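Results of the structural survey
The lines below spell out each chain.
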Amino acid sequence: MLRYLAIRLLSGAGILVAICFVTFAIFFWLSPDPAVAVCGKTCTAARIEEIRHALGLGQPFLTQFWDFLRGIFAGRTYGSGADLVHCPAPCLGYSFQTSQNVWEMITQRLPVSATIAIGAALLWVLAGIVLGVISGVRENSWWDRGSLLLTLGGASIPSFVLALALQYLLVVVLQVLPFPQGVSFTADPQLWFESYLMPWVVLATGYAALYARLTRANVIDTLQENFMRTARAKGLGPVLILRRHALRPALTPITTIFGMDFAWLLGGALIVETVFGMNGLGLMTEQAIQKNDQPVIMAVTLLAAFFVVIGNLVVDILYTYLDPRVRIAAR
Amino acid sequence: MSPLLAVSNLTVSLPASGGYADVVRSSSFTIGEDDTLGIVGESGSGKSMTALAIMGLLPRGGRATGSVKFDGTEILGMADRDLRHLRGAVMSMIFQDPLSSLNPYYTVGLQIEEAYLAHRGGSRKAAHKLAAEAMAEVGIPDPAVRARHYPHQFSGGQRQRIMIAMALICEPKLLIADEPTTALDVTVQAQVLKLLARLQAQTGMGLLFITHDLAVISQVARRVVVMRDGEQLEYVTTEEAFCSPRHAYTRSLLEAIPRIDDALTEAP
C-alpha cells in the first residue's frame, strides 16, 4: 500500500510538472506581451523594456520556466531597486496588474470557492442519488418518467440562465433572499446561508441531473445481475436486497466521477461566481482572463490541475476500500 | 400423503413483442423426499423458467399459471412477502454461473450467514460460525479464514460449493440445481455431483436437477423430464429414457452423448 501510494504521488508530481510546462509554453509563445498589459495606457517603449526586465521576460524559455518552478519552493524577487518586489515561497507568481502576490489572491478566495463547491456537492449527490435510485428501482414507472424529464431539463438549462432566473425571482420579485454577499459563516450565519443558497442550487442542478441519470443506469444494470437473483432466492427482504446487494455495486463507480467533478470545482465555479458576483477563484479567473493577467491564469490552471490530481489519488485509494476486487490487486 | 413438490399444468409466459409468449406449456411432475428428478433439454427449452416459476423468481413481467404445491400448499401466485419465507428456508436454488451469482462486494461468509439470519435470526456471530461450518461441510479447507474472503478469490468449483453451502444452510426440503456443473471442469463437475449426492443422503432433501447433459442425468436422477421449446416431451424413469426412449428427440439427445467406443472405432 505504501509503495503504491509513493508511486502514485510521484506520478502525480510528474503530471503537475508536465502541466506546468505546457501551460508555461502556451503563455510564452502564444499570448501577447504581458509587459504591454502591465504597462497600461500611459506607456513608453522604455517603460515596457523596464517591465520586461523586471519580469525576466528577456530570459530564454527554460530559464524562465526554471525560475517559476524554483519560486514555488524557494520564493523569488522581481525587479530591482525601488521596483523590487519580494514574493515568498510558495510563490506562484506576482500580478503586476493588481500589485498582488498570486498566492495571497488565491488563499483569500479559495474559501469562497470551496464553500460553493462543498455545498453544491452535498446537494447534487443527495438529490442525484435519491432521484436515480428511485427511477432505477421503479424503471418505466411514472416516477421514472417524471424524473427523466426533470433531469433532462436540469441537464439542458444553462447555469447562467438558471442563475439569472432564480436571482430575478427570489431576490427581485419575491424578495425572500438577499443579493449574495461574500460574508463569512462566523460573521452572520443566516446571511451566509442565504447568500450561498442560490450558488449551491444553480451549480448543483446540472450535476444532480447527470448523477441521477448515471445512478439510474447503474441501478438498472445491477438489478439485472445474477447475484440479485441469488439474494432473492435466499429469501432476503426487498429493503435488505436493495440496501446491501444493489446500492453498493451501483454507487461505487460514481465515486470516481464525483472525485473528478468535485476536485475540478475547487478551482472555481466560473459562471456561478461571475453571475452572483461571489469573489471566489472563478470570478478572479474571469477577471484575469479579461485583463490577460498571466501569472494569475497560470496559477489557477496549476491549482485546478493540482486538485484534480489529488482528487484522483484520493478516489483511487478510496476505491481499494470500496471494491474488494481492486483491493487485492493493489496490494 | 402428498409429495414434497407437485407441479401440474404449469405454463409460464414472458412478455414478448406484442404480448406474451409461452416458454413452458403444461408441464407436470412430482418430486418426493430423498428423490431426484432431472429436467433435461437444450438452451431455451424452458427448463430454467420452470425452476424460476417454482421459486417465484420469474423475470419482471413473467406469468405462471397452473399449480405448484409444496408440501400440499399451493405456492403459485402466493404474494412475494409470503413466498420469501419459503425461499432459502424450505426450498433453495443454486445457479449455473457461481461467480456472477455471488455478490463481488461481500465476503462469502457474510453471504452465507445472511441466508441463515433471514430465516432463523439470532446473532451475527452465531450465524458466522454456522457459515464457516457449512463451508467445512461442503469441503472448503480452512473455512474460518476462507469465510472472510471474497468470491473472486475462489476457484470455480469452490464457488459452486459455497453456493451449495448457502442454499443448504437452513436445511431446506427441496434443492433446485439449475445447471450447477455446466460452468465447471469435468473433474470438478464429478466432485460437485458427489457432494450433492452425499448431502442429499445426509438430509433426505428432494432434488430437482436441471441440465442439458443427459450423461449427468444418468448419474444423479431417478426420473427425468425431457423438454423442448417449452413442451414436456417425456416424463419417465431415467432407465426408460436411456433404454427405450419413446420420443425421437430423446433419442437424438442420447445420440449426442459422446461415447468412448465411438472414439475407438473412428480413430485411425
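These notes cover the structure that comes with them.

**Quick look at helix H7 (residues 159-173) of chain A**
For H7 of chain A, built from 15 residues, the straight-helix expectation of 21 Å at 1.5 Å per residue is met to within 8% by its first-to-last C-alpha distance of 20 Å. Just downstream of H7 of chain A lies glutamine 175 of chain A, where phi reads positive at about 55 degrees.

**So, the pairing of strand E6 (residues 91-94) of chain B**
Residue and element names in this part refer to chain B. Because side chains alternate across E6, one face comprises the buried residues Met91 and Met93, and the other comprises Ser92 and Ile94, equally buried. Two strands pair when backbone bridges link them, and E6 and strand E7 (residues 174-178) are joined in this way by four bridges, in the parallel orientation. Note that in E7 the partner of methionine 93 across the bridge is isoleucine 176.

**With respect to unusual backbone geometry**
Residues and elements named next belong to chain A. Positive phi values are uncommon outside glycine, yet serine 99 reaches one of about 55 degrees. Along the chain, serine 99 falls in the loop between strand E3 (94-95) and strand E4 (100-101). Although it is not a glycine, asparagine 292 sits at a positive phi angle of roughly 50 degrees. Summarising the element assignment, asparagine 292 is placed in the loop between helix H12 (281-291) and helix H13 (294-322). The class for asparagine 292 is partly exposed, based on 17 C-beta atoms found within 10 Å.

**Describing the interface of chain B and chain A**
Often, the extent of an interface is quoted as the loss of accessible area on bringing the components together. Across the boundary between the two partners, chain B contributes 25 residues, which contact 18 residues of chain A. Elements with a minimum of two residues in the side of chain B that touches chain A: E6, helix H3 (98-101) and helix H4 (108-120) of chain B. Top contributing element to the side of chain B that touches chain A by residue count: H4 of chain B, with four residues. Split into classes, the residues belonging to the side of chain B that touches chain A amount to 12 nonpolar, nine polar and four charged.

Calculation notes
- Residues numbered from 1 in each chain as written.
- Chains lettered and ligands numbered in written order.
- Predicted model: local features only at pLDDT ≥ 70, side-chain atom pairs only at ≥ 80, totals over all residues.
- Helix = DSSP H or I, 4+ residues; strand = E, 2+ residues; numbered from the N terminus.
- Expected span 1.5 Å × (residues − 1).
- Buried ≥ 20, exposed ≤ 12 C-beta atoms within 10 Å, placed from the backbone.
- Pairing = 2+ DSSP bridges.
- Contact = placed C-beta atoms within 7 Å.
- Nonpolar A, V, L, I, M, F, W, Y, C, P; charged D, E, K, R; others polar.

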